[in-house]
Amino acid sequence: MSLYSAGVEYGIHCLIFLVGDGGESRDASVRDLAELQGVPQDYLAKIFTKLAKARLVAATEGVRGGFRLARPADEITLLDIVTAIDGRKSIFDCREIRGRCALFDGEPPGWAIEGPCAVHAAMITAQKRMEEALAQQTVLDLARKVGRKAPSGFSAQVGDWMSGRREKKGTGDIPLTEV
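Residues numbered from 1 in each chain as written. Predicted model: local features only at pLDDT ≥ 70, side-chain atom pairs only at ≥ 80, totals over all residues. Heavy atoms only, no water.

Per an unreviewed UniProt entry, the recorded name for the protein is Transcriptional regulator, BadM/Rrf2 family, and the organism is Pseudomonas japonica.

If you want it as structure tokens, here you go:
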């Protein structure tokens, strides 16, 4: 079982697609992002509500509206996204079993239960390191990695696809009820 929801993965991928050439933000509707990536639109809409509430994305106005990054891509970290979508999560829940050893016969000695649990402390350290790693990676970092991997011109293709979709909105080609 994974620690973070599928929503975190969907959200991160969507924000990567909102980064255009040169790192600037581009507009896209939830419907278009869902279709582009083959993810459920209703679920993605809920994710974008959380991202907007966390001020990571901002709604754009009008018939051709959608969302754009609310701040520069190099200022939005993976930890920001994870926290916005799934909230703060602990990777470990200490159940204080250190005092339950059968040899203690229900009365654990002080040495066994005094101070922090060594297992819990190790898990807290691991969580801090994971969160530090997520805080060091930005949406721009990931967009650049994808850009280096993708064929030349892919980002422009994505931008053209999204622009074409926006142009069709309001013309009857894409019903406004599906936007």
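Having put the structure on the table, let's press on.
What follows is about the packing of helix 1 (residues 6-17) against helix 2 (residues 30-37). Direction vectors running N to C along helix 1 and helix 2 enclose 105°, while the axes themselves pass 11 Å from each other. If you check the angle between helix 1 and helix 2, you find them roughly perpendicular. The residues of helix 2 that touch helix 1, namely those facing His-13, Cys-14 and Phe-17, are Leu-33, Leu-36 and Gln-37. Considered class by class, the residues forming the contact of helix 1 with helix 2 number four nonpolar, two polar and no charged. (Axes fitted to C-alpha atoms, helices over the stretch in contact; angles between N-to-C directions. Helix = DSSP H or I, 4+ residues; strand = E, 2+ residues; numbered from the N terminus. Parallel < 35°, antiparallel > 145°, perpendicular 65-115°, else oblique. Contact = heavy atoms within 4.5 Å. Nonpolar A, V, L, I, M, F, W, Y, C, P; charged D, E, K, R; others polar.)

Attention now goes to the nonpolar core. Leu-15, Leu-18, Leu-33, Leu-44, Phe-48, Leu-51 and Ile-81 are the most contacted members of the largest nonpolar core, which totals 36 residues. Of all the elements in the fold, those that place two or more residues in this core are helix 1, helix 2, helix 3 (41-53), strand 2 (67-69), helix 4 (78-86), helix 7 (139-149) and helix 8 (154-168). If sequence neighbours within four positions are ignored, Leu-15 has contacts with Leu-51, Val-57, Leu-69, Ile-76, Ile-81 and Val-139. (Core = buried A, V, L, I, M, F, W, Y, C linked by side-chain atoms within 4.5 Å. Buried < 20%, exposed > 50% of the residue type's maximum accessible area, 1.4 Å probe, protein only.)

A few words now on the pattern of salt bridges. Taken as a whole and assessed by the stated rule, the structure comprises eight salt bridges. Where Asp-27 meets Arg-68, a salt bridge forms, and the shortest distance between an N and an O atom there is 2.4 Å. With a gap of 41 residues between them, Asp-27 in the loop between helix 1 and helix 2 and Arg-68 in strand 2 connect regions that are remote in the sequence. With relative accessibility at 18%, the residue Asp-27 sits in the buried group. Its relative accessible area of 31% is what places Arg-68 among the partly exposed residues. The partner of Glu-131 in a salt bridge is Arg-88, and the shortest N-O contact between them spans 3.4 Å. Within this pair, whereas Glu-131 is found in helix 6 (residues 118-136), its partner Arg-88 is found in the loop between helix 4 and helix 5 (110-113), the two being separated by 43 residues in sequence. With a relative accessible area of 15%, Glu-131 lands in the buried category. (Salt bridge = Lys/Arg side-chain N within 4 Å of Asp/Glu carboxyl O.)

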